[in-house]
Amino acid sequence: MQRYLVSRVLQGLLVIFLVSVGTFAMMHLIPGDPISLMIGEAHITQEQIDLIRARWGLDRPLHEQYLRWIGNMARGDFGESVVRSGVPVRTMIAEAASVTVTLNLVAFALSVALALPAGIVAAVRRYSLFDYAIMVSTTVGVALPNFWVGLMLIVVFSLVLRWLPPFGLPGWQGYVLPVAVIVSSQLALLARLMRSSVLDALGEDFVRTARAKGLPERRVVLKHAVRNALLPIVTVIGYRLAFILSGTIVVETVFALPGLGQLFIESVNRVDYQVVQAIVLLLSVLVVLGNLATDLVYGVIDPRIRIR
C-alpha cells in the first residue's frame, strides 16, 4: 500500500512539473505583452519601460524566470498580478474560488442526490414509463449545450417572468440559474451512467445467487447490485470533483459570475502571467489529488479490488 501511494505521488509530481513547464512556455509564447497593457496609452520612455520589466523580473532569461516562479509557488508565494499591480494573486484566486466552489458544490450535491436514485429506479423498473421519462430527459440534458440552456433560462426567468437576476450575484438568487444549468448536464450524465451500471449488475451471477437465497428484492438491489455498480459512478464523481474549480468557465461567462473561470479568461486576455500560471498549477494539483483519492476509494467500495 505504501509503495503504491509513493508511486502515485511521484507520478502526480511529474504531471504537475510537466504542466508547470507547459503553462509557463505557452504564456511566454503567445502574442501580447503585459507591460504594454499595463502602461496603455501613457507616454513613457523606453528607460521607464525597462525599469518596469526589471521590477517584475521580465528582463531575465526564461529559465531564471521559471525557476524563480516555481520556487515561490513551492513556498506558497503566488506573487502579485502584473496587470493589477500590487494585488496578490492569492487574494484574487481566493475571492474568485469562493464563488466557483459555492456554485459547483451546490450543483454537484443536487445532481448526485437526484441522479443516483433516479438511475436506480429506472434500472429496476426497466421499460416502465418512469424509465422512458428518465431516458428522454437525460438524452435532452446531455445533448443541449450549457450556454444555450443558460441563455434560454435567462430569457424565461429573467426577461419574461422577472423572477431572477439575469447576471451577477446580487444575492443567493444569482446562483439559481447557473446551478440549474450545471445540474441539468450533470444529472443527465450521472443518471444514465447509474442506470446502465445497475442493469449490468442485476444480470450478474451474484445477484441471481442472492435472489435464489430468498433475500428481499430491496436488499438484493441496494446491497448487492448498487454497491457493485458504484465503481463507474465513483470514477465520474472523482473526475468531476477534480475539475470542480475549472469546469464552469462557460456558465460563469454566460451569467457574468466573478468566479475562477472568468478570472482565468480575463487573465489570459491580459497576458497576466502570474495569475494564469498560478491557476493552472493549482488546478493540476487538485486534479492529481482527486484522481488519487478516487483510486483509493475503489478498494473501499469493491472488495475484489486490492491495492498492492
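One can find the structure itself at the top, above this paragraph.
Everything quoted here is computed from the prediction, not taken from an experiment. (Residues numbered from 1 in each chain as written. Predicted model: local features only at pLDDT ≥ 70, side-chain atom pairs only at ≥ 80, totals over all residues. Heavy atoms only, no water.)

Caption draft 1: Representation of the side chain of S20 in the model. Assignment of secondary structure puts S20 in helix α1 (residues 2-29). Given a relative accessible area of 2%, S20 falls into the buried group. Engagement of the side chain of S20 in a polar contact is seen with the side chain of Y66, the distance being 2.8 Å. Discounting chain neighbours no more than four positions away, the residues touching S20 are Y66, W69, I70 and L281. (Helix = DSSP H or I, 4+ residues; strand = E, 2+ residues; numbered from the N terminus. Buried < 20%, exposed > 50% of the residue type's maximum accessible area, 1.4 Å probe, protein only. Polar contact = N/O pair within 3.5 Å; in protein donor to acceptor, adjacent residues only side chain to side chain. Contact = heavy atoms within 4.5 Å.)

Caption draft 2: View of the packing of helix α5 (residues 89-124) against helix α12 (residues 260-269). It is at 7 Å that the axes of α5 and α12 come closest, and there the two elements cross at 135 degrees. In terms of their interaxial angle, α5 and α12 are classed as oblique. The segment α5 lies against α12, with M92, I93, A96, A97 and T100 engaging L260, G261 and L263. Looking at side-chain class alone, the contact of α5 with α12 contains six nonpolar, two polar and no charged residues. (Axes fitted to C-alpha atoms, helices over the stretch in contact; angles between N-to-C directions. Parallel < 35°, antiparallel > 145°, perpendicular 65-115°, else oblique. Nonpolar A, V, L, I, M, F, W, Y, C, P; charged D, E, K, R; others polar.)

Caption draft 3: Focus on the nonpolar core. One finds I120, M194, V198 and L202 to be the most contacted residues of the largest nonpolar core, which totals 22 residues. Of all the secondary structure elements, the ones that give two or more residues to this core are α5, α8 (173-202), α9 (205-212) and α10 (217-242). Element by element, the count of residues in this core is highest for α10, at eight residues. Contacts of V198, omitting those with residues within four sequence positions, involve I120, A123 and A229. Of all hydrophobic cores here, the second largest spans 18 residues; its members include I16, M92, I93 and L281. (Core = buried A, V, L, I, M, F, W, Y, C linked by side-chain atoms within 4.5 Å.)

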